[in-house]
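# Fold and geometry: a report
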Amino acid sequence: MLPFQTMGEAEASLGRNLTFAETLWFKYSADKSDYFLYCHNTIFLFVFYTLLPLPCAAAELLRSYKVDRFKIQPKVRNNLCRMFKCYKDVMTVFVCAVGPLQLFSFPVVQAIGIRTGLALPSVSEMFWQILVYVLVEDYTNYWLHRMLHCKWGYDKIHRVHHEYTAPIGFAASYAHWAEVLILGFASFLGPLIVPGHMITLWLWMILRQLEAIETHSGYDFPWSPSKYIPFYGGAEFHDYHHFVGEKSQSNFASVFTYCDSLYGTDKGYCYHKEVFGKLREKSGGKYDISMEDLKAE
């Protein structure tokens, strides 16, 4: 809750007029507790997980060639019933595990100094903080994910996520509740190291959710803005990890490719990508080639 009764008090404290964004923030947050503002992360989790996968889910059901030619595993079909079951199972984990965790983790947020007051962070400050969050999450996630592929971790926990050998957007968070919490720690570690404003935390959690859904979408669209991000793995990179499944020792990183390249866990993917490229050349550049076709090579 902001320690000001009026915008005049806020402007007097800052020694300047409020910006347009700060005015909006004042009007929204002045009478709301910090705890309530932090709980927005849970709301965003439910809302964005529900909405963001819908376009690719619709494409999966309609199976139009104009879009279907960009599907990474076009021979695999998911019906509405299976998609809804996936959504329902994930929401159950969110309600039973993620929601309570976010609600009861507020003392940690207070202790590390994530603030809700004025002034708001600049765009450049938010950019550099989120960049740190991405790099910290990606590196930590790489090792936690790799750990989950040891025999015990896979058999007891991670096998649930790999039930989808051809992932869909709704399967981004489809996992054992323990895995959701373990990998969720990687997402929270960046803000723990470099705490910022609550708005920055909101934006980071939304972007992380967006990235996870995009990499599990099952589609590799050439016009995706993520194509212009250096070292970004994307849907094709992570789809291979699901395709190999239990025996996969490749493509562990969540966002970028540098960890897998650095530690040599992208060799299988690089080989298959080369073979995949040759198959497309033989087919005259067509996209309707399945991952299964690689096994015939």
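So, here is what we can say about the structure in this document. (Residues numbered from 1 in each chain as written. Predicted model: local features only at pLDDT ≥ 70, side-chain atom pairs only at ≥ 80, totals over all residues. Heavy atoms only, no water.)

## Section: the overall build of the chain
Secondary structure assignment for the chain yields 16 helices and zero strands. The C-alpha radius of gyration computed for the chain amounts to 21 Å, which stays within 12% of the reference 19 Å derived for 297 residues, consistent with globular compactness. Overall, the chain is about 70 × 40 × 40 Å in size when its C-alpha atoms are taken along their principal axes. Per-residue burial for the chain yields a buried fraction of 49% across its 297 residues. The contacts of the chain with a sequence gap of at least 6 include a subset with a gap of at least 24, amounting to 70%. Accessible surface, the chain as shown: approximately 15,100 Å² in total, 66% of it carbon and sulfur. Across the chain, the centroid of the 27 positively charged side chains sits 6 Å from that of the 28 negatively charged ones. (Helix = DSSP H or I, 4+ residues; strand = E, 2+ residues; numbered from the N terminus. Rg over C-alpha atoms; globule rule 2.2 N^0.38 Å. Buried < 20%, exposed > 50% of the residue type's maximum accessible area, 1.4 Å probe, protein only. Contact = heavy atoms within 4.5 Å. Areas by Shrake-Rupley, 256 points an atom, 1.4 Å probe, with all protein chains shown as cover. Lys, Arg positive; Asp, Glu negative; His and termini not counted. Charge placed at Lys NZ, Arg CZ, Asp CG, Glu CD.)

## Topic: the state of the cysteines
Under the defined criterion, the tally for this structure stands at zero disulfides. Counting only cysteine sulfurs, Cys86 is the nearest neighbor of Cys81, a cysteine outside any disulfide, at a range of 12 Å. Under the relative-accessibility criterion, Cys81 is labelled exposed at 62%. (Disulfide = S-S within 2.5 Å.)

## Topic: helix α12 (residues 198–215)
Here α12 contains 18 residues, and its C-alpha end-to-end distance of 26 Å stays within 8% of the 26 Å for a straight helix at 1.5 Å per residue. When α12 is considered as a whole, its buried residues turn out to be Met198, Thr200, Leu201, Trp202, Trp204, Arg208, Gln209, Glu211, Ala212, Ile213 and Thr215. (Expected span 1.5 Å × (residues − 1).)

## Overview of the pattern of salt bridges
As enumerated under the stated definition, the model contains ten salt bridges in all. Across the pair Glu60 and Lys71 runs a salt bridge whose closest N-O atoms are separated by 2.9 Å. Separated by eleven residues along the polypeptide, Glu60 in helix α5 (residues 54–62) and Lys71 in the loop between α6 (65–68) and α7 (80–104) bring together distant segments of the chain. Between Lys227 and Asp220 there is a salt bridge, and its shortest N-O distance comes to 2.6 Å. What makes Lys227 partly exposed here is its relative accessible area of 43%. When salt bridges that share partners are traced, they join Glu60, Arg63, Asp68 and Lys71 into one network. (Salt bridge = Lys/Arg side-chain N within 4 Å of Asp/Glu carboxyl O.)

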